[in-house]
Amino acid sequence: MRQIPVDTSAAEPVGASDTPPVGVAAAISPSADLLDRALVGWERFLDTFEGASDE
């Protein structure tokens, strides 16, 4: 994953506000339902390709 440069020179001191500083990303995991739906969609996408020819 590519790092995003963050300019912290104008950032408020830690604890000065309830919002995280710019550039901080939350670690969010996808739900099991979302992963299942993505897998079904991926398999449906792969099924759209024709099989390899025997030439």
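Structure first, text after, so check above.
The numbering scheme is per chain: residues are counted from 1 as the chain's sequence reads. Residue-level local features of this predicted model are given only where pLDDT is at least 70; pairs of side-chain atoms are given and counted only at 80 or more, and the full residue set underlies all totals for whole chains, interfaces and linings. Side-chain calculation: all heavy atoms of the structure are included, whereas hydrogens and water are not.

Novice: How would you sum up the overall build of the protein? Please name residues and give values.
Specialist: We count a stretch as a helix when DSSP gives it H or I for four or more residues in a row; a strand needs E for two or more, and each element gets its number in order from the N terminus. What the protein contains, in helices and strands, is 1 helix and 0 strands. Three labels apply to residues, based on accessible area from a 1.4 Å probe with only protein chains included: buried if under 20% of the type maximum, exposed if over 50%, partly exposed otherwise in between. For the protein, the proportion of its 55 residues judged to be buried stands at 0%. For the area figures, the Shrake-Rupley method with a 1.4 Å probe applies, and any residue is considered shielded solely by the protein chains shown. Summed over its atoms, the accessible surface of the protein is roughly 5800 Å², and 58% of this surface lies on carbon and sulfur atoms.

Novice: An account of the pattern of salt bridges is needed here, citing residue identities and associated values.
Specialist: If the charged atoms of two oppositely charged side chains come close together, the side chains can form a pair. For this document, the term salt bridge refers to a Lys or Arg side-chain nitrogen within 4 Å of an Asp or Glu carboxyl oxygen. As enumerated under the stated definition, the model contains 1 salt bridge in all. In this structure, Arg 37 engages Asp 33 in a salt bridge whose closest nitrogen and oxygen atoms are separated by 3.8 Å. Note that Arg 37 and Asp 33 are positioned in helix 1 (residues 32-46) at a spacing of 4 residues, about one turn of the helix. Exposure remark for Arg 37: the relative accessible area of 54% places this residue in the exposed category. On the basis of relative accessible area, Asp 33 is assigned to the partly exposed category, the value being 48%.

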